[in-house]
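# Survey of secondary and tertiary structure
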Amino acid sequence: MNQTAEECPICAKQQSGDVVGGPIYQDDLVFAHHVFNTKEPTFLGYVRAETKRHVPSFAELTPAEAQAIGMLISRLSRALKECAGADHVYAFFYGDHVAHLHVHVFARYPGTPEEFWRERVDEWSQSPKGGVEEVAALAQRMRAYLADGAA
Amino acid sequence: MGDCLFCTIQHAEKPPVGGVLYEDELVYAHHYVPENRPAYLGHVMVETKRHIPDFAGLTPDEAQAVGLLITRLSSALKTCTGAEKVYAEFYGEVTPHLHVHLMARYPETPQEYLRWNLSDWPDAPRGGEDEVTRLCQQLHSALTSTSGVS
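Reading the values: the criteria
Residues numbered from 1 in each chain as written. Chains lettered and ligands numbered in written order. Predicted model: local features only at pLDDT ≥ 70, side-chain atom pairs only at ≥ 80, totals over all residues. Helix = DSSP H or I, 4+ residues; strand = E, 2+ residues; numbered from the N terminus. Rg over C-alpha atoms; globule rule 2.2 N^0.38 Å. Buried ≥ 20, exposed ≤ 12 C-beta atoms within 10 Å, placed from the backbone. Contact = placed C-beta atoms within 7 Å. Core = buried A, V, L, I, M, F, W, Y, C linked by C-beta atoms within 7 Å. Axes fitted to C-alpha atoms, helices over the stretch in contact; angles between N-to-C directions. Parallel < 35°, antiparallel > 145°, perpendicular 65-115°, else oblique. Left-handed = near helix turned anticlockwise from the far one by under 90°. Pairing = 2+ DSSP bridges. Nonpolar A, V, L, I, M, F, W, Y, C, P; charged D, E, K, R; others polar. Expected span 1.5 Å × (residues − 1). Arc of directions from axis to C-beta.

So, about the overall build of chain B. A tally of regular secondary structure across chain B gives three helices and seven strands. Expected size for 150 residues packed as a compact globule is a radius of gyration near 15 Å; at 15 Å, chain B falls within 12% of this value. Structurally, chain B occupies a C-alpha span of about 40 × 35 × 30 Å along its principal axes. Taken over 150 residues, chain B has a buried fraction of 43%. A separation of at least 24 residues holds for 57% of the contacts in chain B among residues at least 6 apart in sequence.

What follows is the structure, given as structure tokens:
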């Protein structure tokens, strides 16, 4: 939980760019990608907003990073509504496992029963799930949506 | 909007316990105090001024202001409460007016209460109006004495 930048999985992933579907957005300060589950089908519409800098939490951000993360959460939320059909988008920051700021941004789909709201959205049997192709296709749609500066 | 909890708090029809922690044209922050039970000390709400349900509806200026305020208050909460970390949670399921919960996570919090169970920890630092007001005074001076960021 207190990894140095050298052993941080988030730093490694950003540097290699090796994420399923590729980076959805990145600039000098922030990075976003779709989460991929290697053990079972992936819940479609679960992305992470991260800083480029290896910094543990919101408290340590520079003003420019803080503004960029706020903007990225907002833009990813719009993209999940437009590109994935989400009717609500959650955003959580805990950071208990990896000490490199990452915000979980994920969709809740229309019709999701209330007992599956919040952190259980992916447990609803009718929630959309997919493999590499479906994740990559959604990541591509979101990337294209966000590449339009107006989005 | 007329009966929105956060519009009501911001318009001071029902001023928050401990007062306003931060306010400008776009955003607003106050300490959360539940009715009829002690407050979890270090549970702060960051809100937009505009009655808008979620992050997707924010203007770029609002999105930046929310990000900046989360950072400044996270830093102030660490300084003033001894929190090891500050969680930031946006659920937005009950009141359709953007509000982000900031939760001080204390170093001694048992594993089973981490993440969304933080406020269920029976031994978490809690207090009534006096304790919340004292903490808010400290937070307020931490926010005004520095830029709040390192």
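The structure having been displayed, the exposition proceeds.
This paragraph deals with the nonpolar core. Counting 79 residues, the largest nonpolar core has A:V89, B:V46, B:I70, B:L77, B:V86 and B:L102 as its most contacted members. Looking at this core, the element that brings in the most residues is helix α2 (residues 63-84) of chain A, giving 11 residues. Sequence-distant contacts of B:I70, that is, excluding residues within four places in its chain, are made with A:F58, A:A66, B:V46, B:A88, B:V100 and B:L102.

Moving on: the packing of α2(A) against helix α2 (residues 60-81) of chain B. Across the interface, α2(A) lies against α2(B) with an axial gap of 7 Å and an inter-helix angle of 125 degrees. One finds that α2(A) runs oblique with respect to α2(B). Handedness of the α2(A)/α2(B) crossing: right-handed. Packed against α2(A), whose contacting residues are A:P63, A:A66, A:Q67, A:I69, A:G70, A:M71 and A:S74, the element α2(B) presents B:P60, B:A63, B:Q64, B:V66, B:G67, B:L68, B:I70 and B:T71 at the interface.

This part covers the sheet that holds strand β5 (residues 85-90) of chain B. Here we have 10 strands laid out as an open sheet, ordered β1(A)-β2(A)-β4(A)-β6(A)-β5(A)-β5(B)-β6(B)-β4(B)-β2(B)-β1(B), and antiparallel in their pairing. Unpaired on one side and paired on the other, β1 (25-26) of chain A together with β1 (22-23) of chain B mark the two borders of the sheet.

In this section: the interface of chain A and chain B. Counting residues at the interface gives 29 residues for chain A and 29 residues for chain B. Elements supplying a minimum of two residues to the side of chain A that touches chain B: α2 and β5 (88-93) of chain A. For the side of chain A that touches chain B, the element with the most residues is α2(A), which contributes 11 residues. Residues that form the side of chain A that touches chain B fall into these classes: 15 nonpolar, eight polar and six charged. Summarising the sheet, β5(A) and β5(B) pair through three bridges and their orientation is antiparallel. Considered in β5(B), the bridge of A:F93 is made with B:A88.

A separate point is the pairing of strand β6 (residues 102-108) of chain A. Residues and elements named next belong to chain A. Where burial is concerned, most of β6 is hidden: six out of the seven residues are buried. In the sheet, β5 pairs with β6 via five bridges, with the strands oriented antiparallel. Its bridge partner being in β6, Y90 is matched across the sheet by F106.

Moving on, we come to helix α3 (residues 129-145) of chain B. Residues and elements named next belong to chain B. Between the first and last C-alpha of α3 there are 24 Å, a value that for 17 residues agrees with the 24 Å anticipated at 1.5 Å per step. Of the residues making up α3, those classed as buried are V132, L135, C136, L139 and L143. Projected down its long axis, α3 carries its buried residues within an arc of 105 degrees, all on one side. Residues of α3 that are exposed and point over 90 degrees away from its buried face: D130, T144 and S145.

Residue and element names in this part refer to chain B. Over its 22 residues, α2 extends 31 Å from the first C-alpha to the last, a length consistent with the 32 Å expected when each residue adds 1.5 Å. Burial within α2 is extensive, with 18 of its 22 residues counted as buried. G82, located one to two residues past α2, shows a positive phi value of around 80 degrees.

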